[in-house]
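Here is what each chain is made of, one letter per residue.
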Amino acid sequence: DLTRWETISRNIAAPEGEVTIAIVGKYTGLKDAYKSLIEALVHGGIDHETRVNVNWIESEEVERQGTERILREADGILIPGGFGARGIEGKIVTIQYAREHQIPFLGLCLGMQCATIEFARNVAGLVGANSAEFDEKTPHPVIHLMSDQQSVNDKGGTMRLGAYACKLGEGTLAQKMYGVSEVRERHRHRYEFNNAYREQLTAKGLILSGLSPDGRLVEIVELQNHPWFLATQFHPEYKSRPHHPHPLFSGFVGAALRRKCGH
């Protein structure tokens, strides 16, 4: 049986064809884990009158087979959220592939953290860079536990949860997509960008395009010299609606469509 989003997507008039988005995740065997994400992609497709086809890829399969065989047909690549070390290296090499092959990329929550790790390792030259969640002994913990989580032992509803304000950098891709200078987005995480590495990473071209109002927390990163590469610590998919597609999903699908059409 078709799910509701598949029915909507298949019925969209697609004068310019369709796009294939590769979702490289850890829970692809249970697609309902990404229900809000899939809905948001469909909303982005509606905004462009474009059918969005999803290629589900298990990140551990990328580790086994490599990127070229699995990702070469992707018009856009998305790394969703998640927890734990399983499949992380598959996500990181996927992001490297998107960066090096100029493929539109959207990273969400863990996807943003993996994008930071990939950039630190392969652009900034920080050998062994990682998240302290995955490797407590990493020489470069570019992602670490939030300060207000240090003393938390109960792992129930104690993460950074709910909507928080985010200021967008002038002239950034994020500001261009949103069309405003400040937004509020929903969060669900414990780990964050390690500010000790801000200078090293920005010096190599990483753009910190979204910050908390006090400037303390990095909420969005993007890349220079890339057609469309953006990753958020928050979950924009939660605020997308069919008649009001989230601007990041609309922008991402639009970038994938431009790649597919060769412009």
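Preceding this paragraph is the structure being described.
Below you will find a few notes about this structure.

**Focus: the overall build of the protein chain**
And step 1. When helices and strands are tallied, the protein chain shows nine helices and 12 strands.
And step 2. Evaluated residue by residue, the protein chain yields a buried proportion of 53% over its 263 residues.
And step 3. For the protein chain, the share of sequence-separated contacts (at least 6 apart) that also reach a separation of at least 24 residues comes to 70%.

**So, helix α2 (residues 35–47)**
Residues separated by three or four positions in an α-helix point in the same direction, a consequence of the helix having 3.6 residues per turn.
And step 1. The end-to-end C-alpha distance of α2 is 19 Å, a good match for the 18 Å that 13 residues give at a rise of 1.5 Å each.
And step 2. All buried positions along α2 are accounted for by Leu37, Ile38, Glu39, Ala40, Leu41, Val42, His43, Gly44 and Gly45.
And step 3. Where α2 terminates, the next one or two residues include Glu49, which has phi positive at roughly 50°.

**Notes on a positive patch on the surface**
And step 1. A cluster of basic side chains, namely Arg184, Arg186, Lys239 and Arg241, defines a positive patch on the protein surface.
And step 2. If you trace the backbone, Arg186 turns up in strand β8 (residues 182–189).
And step 3. Residue classification places Arg186 among the partly exposed residues on the basis of a relative accessible area of 41%.

**A closer look at helix α9 (residues 247–261)**
And step 1. Under the 1.5 Å per step criterion, the end-to-end length of α9 is 21 Å for 15 residues, consistent within 8% with the ideal 21 Å.
And step 2. Listing the buried residues of α9 in full gives Leu248, Phe249, Ser250, Gly251, Phe252, Val253, Gly254, Ala255, Ala256 and Leu257.
And step 3. The first or second residue beyond α9 is Gly262, which carries a positive phi of 80°.

**Overview of the packing of α2 against α9**
And step 1. Between α2 and α9, the shortest axis-to-axis distance is 8 Å and the interhelical angle comes to 65°. With respect to the hand of their crossing, α2 and α9 are arranged in right-handed fashion. Side by side, α2 and α9 meet where Leu37, Ala40, Leu41, Gly44, Gly45 and Asp47 of the first sit next to Phe249, Ser250, Phe252 and Val253 of the second.
And step 2. The class makeup of the residues in the contact of α2 with α9 is six nonpolar, three polar and one charged.

**Some words on the nonpolar core**
And step 1. In this structure, Leu71, Ile77, Phe105, Leu126, Val142, Leu201 and Leu206 are the most contacted members of the largest nonpolar core, which totals 41 residues.
And step 2. The contact partners of Phe105, leaving out residues within four places of it in the chain, are Ile77, Ile79, Ile95, Ala98, Gly111, Ala115, Trp228, Phe229, Leu230, Ala231 and Phe252.

Calculation notes
Residues numbered from 1 in each chain as written. Predicted model: local features only at pLDDT ≥ 70, side-chain atom pairs only at ≥ 80, totals over all residues. Heavy atoms only, no water. Helix = DSSP H or I, 4+ residues; strand = E, 2+ residues; numbered from the N terminus. Buried < 20%, exposed > 50% of the residue type's maximum accessible area, 1.4 Å probe, protein only. Contact = heavy atoms within 4.5 Å. Expected span 1.5 Å × (residues − 1). Patch = residues over 30% accessible without salt bridge, like charges linked within 9 Å, V, L, I, M, F, W, Y side chains within 5 Å. Areas by Shrake-Rupley, 256 points an atom, 1.4 Å probe, with all protein chains shown as cover. Salt bridge = Lys/Arg side-chain N within 4 Å of Asp/Glu carboxyl O. Lys, Arg positive; Asp, Glu negative; His and termini not counted. Charge placed at Lys NZ, Arg CZ, Asp CG, Glu CD. Axes fitted to C-alpha atoms, helices over the stretch in contact; angles between N-to-C directions. Left-handed = near helix turned anticlockwise from the far one by under 90°. Nonpolar A, V, L, I, M, F, W, Y, C, P; charged D, E, K, R; others polar. Core = buried A, V, L, I, M, F, W, Y, C linked by side-chain atoms within 4.5 Å.

These values are about where atoms sit, not about what they do.
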